[in-house]
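# Observations on the model geometry
Read off the chains here:
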Amino acid sequence: MSAAFLPVQGSLPSRAHPVFPFRLFNRVQSACFPHAYHTNDNLVVSAPTGSGKTAVLEVAICKLALGHNGPFKIVYQAPTKSLCSERARDWSTKFSSLGLRCAELTGDTTQAELKRVAEATIIITTPEKWDSITRKWEDHRKLVQLVKLFLIDEVHFLKDIRGATLEAVVSRMKTIGENIRFIALSATIPNSDDIAKWLGRNHTHQEVPALQETFGEDVRPVKLQKAVYGYDCNGNDYVFDKYLDSKLPAVIARHCTQKKPILVFCFTRKSCENTARKLADYASTSLESPWPTPAGTPNQRIPLINRELQELVRFGVAFHHAGLDSEDRQAIEANFLAGNIGVICSTSTLAVGINLPCHTVIVKGTVGFADDALKEYSDLEVMQMLGRAGRPQFGNEALAVIMTRAGNKQRYERMVSGQEVIESTLHLNLIEHLNSEISLHTVTNLRQAQAWLGGTFLNVRIRRNAAHYKLAGSLGNVTLEQICERDVNQLREAKLIRITRTDQFGETFWSTEYGRAMSKYMVQFPTMRRMLTIKRGAGLEEIITILSQATEFNDFRFKSQERAIFKDLNKNPVILFPVKEPVNETWQKMSLMVQSYLGNIDFPDSGDAAKLRMHLVKERSTVMDKMARLIRALVDCKAADKDSVGMFNSLELLRAVMAGA
């Protein structure tokens, strides 16, 4: 065995051995071990999925646990709840031998949850949740100062729109933490050096980049072949999905010649079922099935409740989604693992939370539902789907195929080859994050605001690719310092902060009650400005109307078939404040949706409306969660105004929302 592979027993104290269920660290782990265990410096590791880089985090945890005196906390951040749950299950067992307790923090913050976090050593959470905790926790500085190790999984998530929260949280930890060590893991990306520059070497040498290890595809234990197909089709996403069904058999015939298990990801439940039928038809007319079938013969029966599914599995094909009976889902998963089912057509939810390894993954179409609208998958979602391909039990090679529109082909080719540069998204909601830092008092003057902004990933990238951020004003290109000054002035003009002037320290920033409410309830800046126009003594109609115009609801636009439903809803006598104009705008839809919820009005379930009912019920639930948060912010603002009537009406509305009418 090559000397490059370090032995676990010879490298770590005996107390740490149970954490690692293998004798030798692999190539990635061995190369990173000296940085992770023999230094306290920050570290960035860029390596393909499946290369074992999570063990680098575990080595760093062992170093801290075995060598630190006194209380400490470790924060692990991943972008999805499913990744957090997976890590919590694994680490709760692994680190029990070292006496380290894990707490998963991803749901609503209750007192019981806060108590678990206070008692735990390893806090496993999402960026949004940690952002919320550090915004709201009264003693957040004491908590943060106990954090000695901050672990960031999937740091390439920075380029996602939600990545701005990760960036703001890490920058906050760098500002108010005491000597925190950061370790970041990334998929293969071309600019991991920018992440190293952002994190800095350590607390005292921020100007020096973090330690860095970068690995290519050659470190994968199973080599993953990748193919991206782009198709021209003028129809909408549903038409395009059917078009891809017609192309899928040819893709399988071209690539899947070894009778090994296949996962096909589809964007809706209906699409899963249609695709499964198409593939069963293909198998029934083929001389030999290109995938495994029950015991090698179509006559072998797998007992299932769903009759259509029962028919499809005869040909080694099944569909899998949340609408299936749980017994059927479990039977499909078990028979897929046993080799009796060769193809599962599933929604993207199967990519997370359920460990179903396979040889081939096909992403059939690259759009999915997010926030109740069809959107292009995030890179993280696509990589999670592709990550299901390639497990050692299926040989030393695997296959991942993406089928998308021709216009997206190059983008996905860059992504799967690790050539897509990671950019910041912090500039898209910079003013909200700046307000939060002022509210937390981590930023108290313009100099500190500029220093905070200078410590962001945005600052690193804007110096290398300013054109991407389109930061231009009436006088041409503007600097980050000017943008910072502009946002401070906008916050002051909106009465979200106040500025006092002293001879000794110059100007000092103070968050107002309005600014604290904006930060505490994560309200967007345009929404907060609109909220503050609500008059003293406002009644329910004005409150509902103005809050329905919140920027948070911009993605809930009318779908063409919905207008008729909401026009009828507007005529319902239970609606207290019917819309007086034609019902065409998003805010009108939100107002009627809120009132229908308060009035306990069901959406119609007959004719064409029945198809939309489930979607509208789910959408209304999301809307009411957001509305409750906005009303809470309004209650705080009305309390600050000493507006007893406005506060009473806001509280009445909140009570009704929380009680479900």
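As a reminder, the structure under discussion sits directly above these lines.
Throughout what follows, the structure given in this document is the object of discussion. (Residues numbered from 1 in each chain as written. Predicted model: local features only at pLDDT ≥ 70, side-chain atom pairs only at ≥ 80, totals over all residues. Heavy atoms only, no water.)

## Points about the overall build of the chain
Rules: Think of it this way: any DSSP run of H or I at least four residues long counts as a helix, any run of E at least two long counts as a strand, and we number them from the N terminus. With the radius of gyration taken over C-alpha atoms, the globule rule is written as 2.2 Å times the number of residues to the power 0.38. Relative accessibility thresholds used throughout: buried, under 20% of the residue-type maximum; exposed, over 50%; partly exposed, between the two (1.4 Å probe, protein chains only).
When its secondary structure is counted, the chain shows 27 helices and 19 strands. Relative to the compact-globule value of 26 Å for 661 residues, the chain shows a C-alpha radius of gyration of 27 Å, a close match. Across its three principal directions, the C-alpha atoms of the chain cover 85 × 70 × 50 Å. Split into buried and exposed, the 661 residues of the chain put 53% on the buried side.

## Some remarks on the packing of helix H2 (residues 27–38) against helix H3 (residues 54–67)
Put simply, the rule reads: Lines fitted to the C-alpha atoms define the axes, with helices restricted to the stretch that makes contact. Angles between their N-to-C directions range from 0 to 180 degrees. Each angle gets one of four labels, with under 35 degrees taken as roughly parallel, over 145 as roughly antiparallel, 65 to 115 as roughly perpendicular, and the rest as oblique. Handedness of a helix crossing follows the sense of rotation of the near helix relative to the far helix, less than a right angle counterclockwise being left-handed and clockwise being right-handed. Whether two residues are in contact is decided by their heavy atoms: any pair within 4.5 Å suffices. Each residue gets one of three labels, nonpolar for Ala, Val, Leu, Ile, Met, Phe, Trp, Tyr, Cys and Pro, charged for Asp, Glu, Lys and Arg, and polar for the others, Gly among them.
At a minimum axis distance of 9 Å, the contact between H2 and H3 shows a crossing angle of 30°. In terms of their interaxial angle, H2 and H3 are classed as roughly parallel. In the packing of H2 onto H3, the handedness of the crossing is right-handed. Within the contact between the two elements, H2 uses Gln-29, Cys-32, Phe-33, Ala-36 and Tyr-37 and H3 uses Ala-55, Val-56, Val-59, Ala-60, Cys-62, Lys-63 and Leu-66. Here the contact of H2 with H3 is built from residues that sort into 10 nonpolar, one polar and one charged.

## Some words on helix H27 (residues 644–658)
The criterion, for reference: Expected helix span is given by 1.5 Å per residue-to-residue step, counting one fewer step than there are residues. It is the directions from the helix axis to the C-beta atoms that the arc portrays.
Between its terminal C-alpha atoms H27 stretches 21 Å, which fits the 21 Å expected from 15 residues at 1.5 Å a residue. Three or more residues of H27 are buried, namely Gly-646, Asn-649, Ser-650, Leu-653, Leu-654, Ala-656 and Val-657. One side of H27 carries all its buried residues, which in axial view fall inside an arc of 165°. Turned more than 90 degrees off the buried face of H27, the exposed positions are Ser-644, Phe-648 and Arg-655. At the C-terminal side of H27, Gly-660 shows a positive phi close to 65°.

## Structural notes on the pairing of strand S10 (residues 317–320)
Consecutive side chains along a regular strand alternate between the two faces of the sheet. Counted only if it meets this: Two strands are said to pair when DSSP picks up at least two bridges between them. Whether a crossover is right-handed depends on one test, that the path from the first strand over the helix to the second runs clockwise when the strands point away from the viewer.
The side-chain alternation of S10 yields two buried faces, one formed by Val-317 and Phe-319 and the other by Ala-318 and His-320. Sheet analysis places S10 next to strand S11 (residues 343–347), joined by four bridges and oriented parallel. If you follow Phe-319 over to S11, its bridge partner there is Cys-345. Of the crossover connections in this fold, the one passing from S10 over helix H13 (residues 326–338) to the parallel S11 is right-handed.

## Let's talk about the packing of aromatic side chains
How two aromatic rings sit relative to each other is given by the distance of their centres and the angle of their planes. Applicable threshold: Between the rings of Phe, Tyr and Trp (Trp by its six-membered ring), a pair exists once the centres lie within 6.5 Å; its type follows the angle of the planes, with under 30 degrees stacked, over 60 edge-to-face, and the other angles tilted.
Tallied over the full model, the rule gives 17 aromatic pairs. Ring centres of Phe-20 and Phe-22 lie 6.0 Å apart, and the angle between their planes is 55°; on these two criteria the pair is classed as tilted. A residue is classified by how much of its surface remains accessible, and Phe-22, at 30% relative accessible area, is partly exposed. Ring centres 5.5 Å apart and planes at 55° place the aromatic pair Tyr-238 and Phe-267 in the tilted group. On the criterion of sequence distance, the pair formed by Tyr-238 in helix H10 (residues 237–255) and Phe-267 in the loop between strand S9 (262–266) and helix H11 (269–284) is long-range, its members being 29 residues apart. Taking the relative accessible area as the measure of exposure, Tyr-238 reaches 45% and is therefore partly exposed.

## A few points about the side chain of Thr-425
Condition: Residues adjacent in sequence count toward polar contacts only when both atoms are side-chain atoms; beyond that, a polar contact is any pair of N or O atoms within 3.5 Å, and within protein one must be able to donate a hydrogen and the other to accept it.
Here Thr-425 is to be found in the loop between helix H15 (409–416) and helix H16 (430–439). A distance of 3.1 Å separates a polar side-chain atom of Thr-425 from the backbone oxygen of Asp-160. With sequence-adjacent residues up to four places away left out, Thr-425 is seen in contact with Leu-158, Lys-159, Asp-160, Ile-161, Gly-163, Ala-164 and Glu-167.

## Here's the deal with the sheet that holds strand S8 (residues 223–231)
Spatial ordering of the open sheet is given by S8-S15-S12-S9-S11-S10, a layout of six strands whose pairing is parallel. What marks the edges here is a single partner per strand, and that holds for S8 and S10. Across this sheet, the average inter-strand angle for adjacent strands is 15°, counted without regard to direction. For S9 and S11, the ladder comprises five bridges, and the chain directions are parallel. The residue of S11 that forms the bridge with Val-264 is Cys-345. Those strands touched by H15 are S8 and strand S15 (397–405), and its axis lies near 170° from that of S8.

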